[in-house]
Each structure stands twice: as C-alpha cells, then as structure tokens.
Amino acid sequence: MGLFKNIKNIFNKSEKQLSNEEKQMREKALKYKKGMEKSRGTVMSRLKALFESYDVINDDLFDELEEIFIMADIGVNTVLEIVDQLKADVRMREIEDMETFQSIIIDKMFEIYVKDEIVNTNLNINEDGLTVLLFVGVNGVGKTTSIGKVAYKLKSEGKKVMMAAGDTFRAGAIDQLKIWAERVGCACITKPAGSDPASVMYEAIQQAKQHNIDVLLCDTAGRLQTKVNLMKELEKVYRVISREVPSAPQDTLLVIDATTGQNGMNQAKAFTDATQVTGIVLTKIDGTAKGGIVLAIRNELGLPIKFVTMGEQITDLEYFDIEQYIYGLFSDMFE
Amino acid sequence: MAFDNLSDRLQQALKKVTRRGALNEHDIETMMREVRLSLLEADVNFKVVKEFTNEVKQKALGEKVLKSLTPGQQVVKIVHEELKQIMGDVAENLTFKIQGTTVFMLAGLNGAGKTTHAGKLALYCRKKYNKKPLLVAADVYRPAAIDQLVTIGKQLNIPTFEMGTTVTPIEIVEKALSYAKENHFDLVIIDTAGRFHINEELMLELKNIKEVAKPDEILLTVDAMTGQDAVNVAKSFHDQLAVSGVVLTKLDGDTRGGAALSIRKVTGVPIKFMGLGEKLDQLEVFHPERMASRILGMGDVLSLIEKAQDAIDEEEAELMAKKFQNATFDYNDFVKQIRQIKRLGNLKGFLKLIPGLGSQLKNIDIDEDQFNYILAIINSMTEKERKNPDIINLSRKQRIAKGSGRDISEVNRMTKQFEEMRKMMKKMMNMNPKDMERMMNGMNKPGGMKPTGHTSHSKGKGKNRGRRAPWQ
C-alpha cells in the first residue's frame, strides 16, 4: 500500500512542502499523465465510475474489473491471476470499504510488475569500454525512431554515441536512420541496401572502437517472429556483436507498439529465444491504447520495460517508471 | 498457451458435462464462456465478444446443439458461420471511376504499413485491372518516408510523385492530381503520414486531403496484431473520414487477428485486403472464411503452407538436397531434418490444419516424444558412428541403447528406418525422370518421415492437456 500512498501524498502536499526529490517525482508523474491522458480516458475513467457505482465488493464488481483489465490488453492469463489474487486478498483481509479496495488493486498491479525484485530499468552501460545496444522487433513498431530518441537521451547525458544501420531490407530505412543521426549529431555507419546486416554491425563496431565511442545503437529490420530465416539472420547479428565485443550487446531492447494485443507475448518469447532480450521499449503510449501487454510480458517472462515513448519529437522518451505508469493509468483515482 | 483453439476448449469444457447425457442451458453457458475466452485471446474487442456470444448463444440453444452427439463441433460450426457472416460473406471489390482518374487514399496509425501497401495496391491494380497507377508521397513528417515510397515505386516500375518535405500534403495532392491527368494515369494512390486518431490537427489534414482528392476509396490500414484498441482507432477514423474499406496487414505472422472482427462489427466497414508479407506481391483479397478459422485458432490449409515455408531453412534445405544426391546423408543430417519438422511446432496441431484430418486424428495419439527418443538415440552415438552409419553393429547398438536409455529394439527400428530412407534416396537420385514419376504415382500418399510406430499410447496426458482452463 506504500507506493500508492506515496504518490497520493505528493499530490496532496502543496508545492512548498515538497522535497526536491518529491518535486522531481511529481514533475515526471505529470509528464506521464499528460502522455497517457488519452490512454487513461477510455478505460480508466470506467474504473472510477465502477467504484462509484458499487458500494459492496461482490462478484459482479470483480467481473467488471476483469473486463477493464482485459480492455487494457493486459492479457487473459495475467488478468486472471490479478483477479484471483484480489479475490483472495479481499477474503483474507475481510476488506469491505471501497477506498481500501482501490489501493489494493493498485498495489496488486505494482506487485505483478515488481515481483519482489529490484527492477533494473537502467541500461547496462559498460563504463569502461564500448556498450552495444541492439534494437529488435516486428515491423512498424518504431525501432528506428526509438533509436533516435535513445541516442539523443544518451548523448545529452554526456555519452559519445554512434548508430549502425542494420535495417538493410526495408526501403528507406537507412535514410530514415541517417536523418535521426543528423538530428542527434552523431555518426551513422551504413552499407548499401541489401547488405548482410551482420557485416554492418561488424563494420560499425570496428569504427566505434576506433573512435572511442561509448554507446553503439544498432538498428535491425522489422521482422515477424514466425519467420525462421529472418530470426536466424537476427541470431547471426547477435552472434557477431557478442564475438566482437565481450559481453555485448549489453542490452537487447525489444520494441513493442502500445497498440499491440496478445501477440506481444509471442513476440517477446520468440525474440528472447533469438537474441536474449533484456528489456522492452514501449512505444506510442500517447494514443488510446494502454500497452497492458507489457505487464503480462513482465509477469510471465520477467522482462522489464526500460523506456516508454510518447510522440514524434526527439525528446519524447522517458525511462520507464512503474509507479508513474500506473499513476498515468489510474490518475483519476488519485485526485 | 494451453488451449489455442476453440475446438479444444469446448472439448475440455464438455468433458465435465457430457457424462450427464443431454445438454442443458447451463452447459451451453459453460461453452459460451469458452467461446468468449477464445475470442478474447484472439484480441477481439471485449464489447464485441459480449454481443457476439449472446447472439451465438441464442442459436446454440436450438435443438440441434442440445441433441447433437457432438455438441462441441456444433457450437464450433455455429461460431464459425457467425464469424464468417459478420466479416462479410462476399468479398467487396474496389471502386473505380468509369472514366477519368480513380483516386485511392491510405490512412492509419504509425507503422501499420501504409507505404508498403500503397505499393502493393498499385501493383495489384496494374496486374488485375490493367491500371496505370501513380504513387503520391504525402507523408512529409516521418523521416525518409518519401524515399521509401520512391524506392518501392522503382522496384515496381511505377512512378512516384513527390515534392519533398517542405510543401504541405494538400499542395502535393493537388499537384499530383493534375500531373496524373496530364500524363494519363488512371489511378492515383495517396500515401499519407501515420497519425493517431486523436490528433486533431493531423486528422483535420486528412479531411482536407479528402476534400481536395475526392477519393473513390479511403482505405484504413490496420495492423492485424492490434489489440483491444482497434475498435477505437477504426471508429474514430471512420467517423471523421467515412472509410470505404480496411486493409489488414502483417497477417503472415502468428497473430489470431481478432481486430478484423471488431472493426467490421463496430464500423460495418468491409475488410477488403490482407497483407501477407514484406514482398510487394503479397497482398490478397480478404477471405472471411480463412479469417474466421484463424480467429478461432483453427488454422487452414493456406496458413499451413505458409507455416511450412517459414519454418524451412533455405540454406539447410539446399545442402540437404545435395547430400541426397551424393548419397552422403548421415545421422547428423537426420537430426537436422527432425529438428526442421519439430520447428513446425506441435505435430498434431500441425496435422490438424489439414481439413478432414482433424477429426480422424482425435483417436490417434501422436507421441511427440518419439522425436525426442530418436534424438536421444542419435545423441548417444559417437561422431564416427553418426558419420558412418554402416559401422553400427550389434555391440555398438547395445551401447547406444544403454546410453540413450531406450530399448535395443527401438534402436534397431530406428536404424532400420534410417537405412530404408537412405536406400530410397539413392534410388530416387539415380532415377531418370520417367521412373521417378512412376514411383511418385505409386506412392501417392503423404510420405516422408513418420514418428516410429506407437499409436494410441495414452501414456501421460501431455503437458497441457489436463491443465485448468483459465476462467474456469
């Protein structure tokens, strides 16, 4: 219940009462809230309405809760788990009032995400040498755009960054990454369209070593996880990177579009098999979709979300923060 | 996922009720719960699922299901029929102007596949309707979107009209239309930038483009992997633009594609095309039949073929063919082949995709473990044995049996099968085409490797079979 109260407190305190840390937290929360305004709108105001229309906790209420979670794409199995646990909690602790029930729901979401672990949302940056970040995912989720934004973020944190245009397949992909590299102000290693992506990675790593680059961000072509040959190509890319730089790629980031439904789980499984995914970039959360599938992925596969993106500007990227994310979803209830 | 398809789900649910004889309303209710779950897992929108199951329930309450000996199959049939009907029994055609330039406009969220499908549609219309298409690059926002369309156009040998990124999309469209007229293009396909349906400014831009272009078709491009939100997106685009059709993309993956049902049910807009790959000719007219099976997780022959194609490693296949020819096929290659078959996933599930075979398979228990046993046996061989199958004598076999924990008779059976396979290959490779044909006709039944003997061995219920279905 602690987390829920924490955030609630920050919003109840006046500006002056806040510590610096709390102020930062509040600022970030507001940003999420704004980014997710639309997502919240449809589903979560239903949650608020739900609590207003029930005075007792009964099976109908649980059924409706189930619906609301399903609507957020959280996924059947995870929703069942959440609801079962909520039912058990209510029974065990003999909870009757709505207010406590609400906070239990939120805490349950945290629990599902945190799972008694310290979730590392930071990138695994190698401080004394080259860090390689590999971006993978299905077509059209926003890999190239995310690379642009992550590169910008890392650069503004003082890192020397470089990009590798590993999508040699899709028309215009190399140019697209080049434009992002220009915007960021970093080098972008390219080979002609149709080249072996693994050879692009090899070349980029040599260049990165030569120029003392801190972080190399590798783009790959979008591919559906069912394409065996394309997944093998990706395995090769991964192999080449780990051969050329010890313990690289330090992070393999699976990019998932927030509008994705249950297929997100298959994506996470297949890409993890091929490239040992270490984290997720959840894109396009500024629409009306909630991206709830990432909670299911975290729940079933243990993959943490590292970044969320919310717009087409280069600065529209945030390190993922579960408290803020859930606040973004539930903020109706906080005010 | 324990229960991928509706058939299995219903079977499972029925196990609990069938013993009591005739079904009652409560049993139907139980089955409807399974229908509901199956649809939700396929990403059909929650509200649509509710309505749909209510309708199906009414039909299912009819005599047929209650008295049927196979109520599960009856319900599947009703659900399937209903799905097909909602998604449109007849394929809807594209609208072309009888005279003058026909205009199509693509719209949709970012990353749905508009640019690729602009190219695919152009190719399709040129092939099928003998049109002379012009592509128009009106996405001035996404970096290199114009390059992408130009490249696609070049691949197809179809001209692309573009004015860079400094001009407004409206202006581009205006100029493109007059350019098309002057140069006798009879079809203009406008690619627009991806946008959220809630972005008022950009939606206004689309409305303005529509005003100027007066398109004959406004095609909403939707990613088949979209979840619950598909309804909001489709409804919003439709309300603002009066969409005339939907192109469902990325159906070549393993998504069940419930979005198709949601969109059709909520907006009434017909789904006209499905995108089935990254190649520009991978566009097909929408098949409600295929989609219905797919949403229910029951697959179909075509996806079977696609699945097999995707699972086979081209290089390996080529190498294997060479080995056949030189008759150097050894146990290492055999392992590779088994792995390839295994990659198709659950063999029984795979075979079920073949129409008619599904029901026959019900009583046969294909023991998937057989493959593992074969692999275990081969793994217990030395590298030398694997490369030279001929040296395996009785004492070696005894050692292999011990090492793999299998019976010696199994090792015998496996090596014998392998030898027969090798002989057959040698024969085939050394035949002239005529003999080959004769032999193929003689076989005329699905050949290839089969898991050894062992049918109906109701040993262990399989990992997934006995598990509690969600929501039970």
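**Student:** Got a sec to walk through the overall build of chain A? Specific residues and values, please.
**Tutor:** Within chain A one finds 13 helices and eight strands. A burial count over chain A gives 60% of its 335 residues as buried. Looking at chain A alone, contacts between residues at least 24 apart form 76% of all its contacts between residues at least 6 apart. For chain A, the accessible area works out to roughly 13100 Å², and carbon and sulfur atoms hold 46% of it.

**Student:** Quick one: what's the story with the overall build of chain B, residue by residue and with numbers?
**Tutor:** Counting its regular elements, chain B contains 22 helices and eight strands. Looking at chain B as a whole, 51% of its 472 residues are labelled buried. Carbon and sulfur atoms make up 51% of the accessible area of chain B, which totals about 22800 Å².

**Student:** So what's going on with the nonpolar core? Which residues, and what values?
**Tutor:** Core analysis: the biggest nonpolar cluster contains 182 residues, and A:Phe101, A:Met163, A:Leu217 and B:Phe237 have the highest contact counts within it. In terms of residues, this core owes the most to one element, helix H6 (residues 98–114) of chain A, which gives nine residues. Counting residues in each nonpolar core, the second largest holds 25 residues, with B:Ala137, B:Ile146, B:Leu156 and B:Val247 among its members.

**Student:** Could you give an account of the side chain of A:Thr220, with specific residues and numbers?
**Tutor:** Looking at the secondary structure, you find A:Thr220 in strand E4 (residues 215–220). Here the side chain of A:Thr220 touches A:Phe135 through a polar contact of 2.6 Å, landing on its backbone oxygen.

**Student:** Would you mind going over the sheet that holds strand E2 (residues 133–138) of chain B in detail, with residue names and values included?
**Tutor:** Hydrogen bonding along the main chain pairs the strands of a sheet, whether they run parallel or antiparallel. Residues and elements named next belong to chain B. On the basis of which strands lie adjacent, the open sheet formed by eight strands has the order E3-E2-E4-E1-E5-E6-E7-E8 and mixed pairing. Edge positions in the sheet fall to strand E3 (160–161) and strand E8 (283–285), since each has one partner strand and no second. Pairing of strand E7 (residues 271–275) with E8, which is carried by three bridges, proceeds in the antiparallel orientation. Bridging from a neighbouring strand, Met-274 pairs with Glu-284 of E8.

**Student:** Lay out the packing of aromatic side chains with the relevant residues and their values.
**Tutor:** All names here are of chain B. Counting across every chain of the model gives twelve aromatic pairs over all chains. Ring centres of Tyr-331 and Phe-334 lie 6.4 Å apart, and the angle between their planes is 55°; this geometry places the pair in the tilted category. One end of the pair, Tyr-331, and the other, Phe-334, are both in helix H15 (residues 331–343), three residues apart, so they sit about a helical turn from each other. For the pair Tyr-331 and Phe-334, a shared accessibility class is recorded, and that class is buried. Geometrically, the ring pair formed by Tyr-331 and Phe-418 is stacked, given 4.1 Å between the ring centres and 20° between the ring planes.

**Student:** Any details on the packing of helix H10 (residues 230–241) of chain B against helix H11 (residues 259–267) of chain B? Residues and values, ideally.
**Tutor:** Residue and element names in this part refer to chain B. Put simply, H10 and H11 touch, their axes get as near as 9 Å, and they point 40° apart. The orientation of H10 relative to H11 falls into the category oblique. Relative to H11, the crossing made by H10 is right-handed. Across the interface between the two elements, Ala-230, Val-231, Ala-234, Lys-235 and His-238 of H10 pack against Ala-259, Ser-262, Ile-263, Val-266 and Thr-267 of H11. Looking at the contact of H10 with H11 residue by residue, the class counts come to six nonpolar, three polar and one charged.

**Student:** Could you give me a rundown of unusual backbone geometry, with the residues and numbers involved?
**Tutor:** That bond from A:Ala248 to A:Pro249 is cis: its omega, -10°, falls within 30 degrees of zero. Inspection of the secondary structure puts A:Pro249 in the loop between helix H10 (228–244) and strand E5 (251–257). If you check the backbone angles, B:Lys214 has positive phi at about 40° while not being a glycine. Take B:Lys214: it is sitting in the loop between helix H9 (200–213) and strand E5 (217–223). With a relative accessible area of 60%, B:Lys214 lands in the exposed category.

**Student:** Any details on the pattern of salt bridges? Residues and values, ideally.
**Tutor:** A side chain with one charge may pair with a side chain of the opposite charge, provided their charged atoms come close. All names here are of chain B. Summed over all chains, the structure comprises 30 salt bridges over all chains. Between Lys-59 and Glu-82 there is a salt bridge; the shortest N-O distance is 2.9 Å. With Lys-59 in helix H3 (residues 46–60) and Glu-82 in helix H5 (residues 71–86), this residue pair connects regions lying 23 residues apart in the sequence. Lys-59 gets classed as partly exposed once you look at its relative accessible area, which sits at 45%. The class for Glu-82 is buried, based on a relative accessible area of 8%. One salt bridge in this structure joins Asp-223 and Lys-250, with 2.9 Å as the shortest N-O distance. Here the residue Asp-223 occupies a position in strand E5, and Lys-250 occupies one in the loop between strand E6 (245–249) and H11, the gap between them amounting to 27 residues. By the burial criterion, Asp-223 is buried, and Lys-250 matches it.

**Student:** Describe the pairing of strand E1 (residues 102–108) of chain B, listing the residues and the values that go with them.
**Tutor:** Residues and elements named next belong to chain B. Of all seven residues in E1, seven are buried; the element is thus mostly enclosed. As paired elements, E1 and strand E4 (residues 187–192) share five bridges and run parallel to each other. Considered in E4, the bridge of Thr-102 is made with Leu-187.

**Student:** Tell me about the domain arrangement of chain A, and please be specific about residues and values.
**Tutor:** All names here are of chain A. Looking at chain A, the domain boundaries give domain 1 (2–118) and domain 2 (131–322). Every contact between the two is made by 25 residues of domain 1 and, on the other side, 28 residues of domain 2. Across the domain 1 to domain 2 interface the summed buried area is about 2300 Å²; carbon plus sulfur atoms make up 54%. The tally of links between domain 1 and domain 2 comes to zero salt bridges. At the boundary of domain 1 with domain 2, the tally comes to seven residue pairs in polar contact (both at pLDDT 80 or more). If you list the elements that add at least two residues to the side of domain 1 that touches domain 2, you get helix H2 (20–35), helix H3 (37–53), helix H5 (76–92) and H6. Per-element accounting of the side of domain 1 that touches domain 2 gives the leading share, five residues, to H6. Residues that form the side of domain 1 that touches domain 2 fall into these classes: twelve nonpolar, six polar and seven charged.

Reading the values: rules and limits
Residues numbered from 1 in each chain as written. Chains lettered and ligands numbered in written order. Predicted model: local features only at pLDDT ≥ 70, side-chain atom pairs only at ≥ 80, totals over all residues. Heavy atoms only, no water. Helix = DSSP H or I, 4+ residues; strand = E, 2+ residues; numbered from the N terminus. Buried < 20%, exposed > 50% of the residue type's maximum accessible area, 1.4 Å probe, protein only. Contact = heavy atoms within 4.5 Å. Areas by Shrake-Rupley, 256 points an atom, 1.4 Å probe, with all protein chains shown as cover. Core = buried A, V, L, I, M, F, W, Y, C linked by side-chain atoms within 4.5 Å. Polar contact = N/O pair within 3.5 Å; in protein donor to acceptor, adjacent residues only side chain to side chain. Pairing = 2+ DSSP bridges. Phe/Tyr/Trp six-rings, centres within 6.5 Å; stacked < 30°, edge-to-face > 60°. Axes fitted to C-alpha atoms, helices over the stretch in contact; angles between N-to-C directions. Parallel < 35°, antiparallel > 145°, perpendicular 65-115°, else oblique. Left-handed = near helix turned anticlockwise from the far one by under 90°. Nonpolar A, V, L, I, M, F, W, Y, C, P; charged D, E, K, R; others polar. Salt bridge = Lys/Arg side-chain N within 4 Å of Asp/Glu carboxyl O. Domains from an automatic or database assignment. Buried area = accessible area lost by both parts, 1.4 Å probe.

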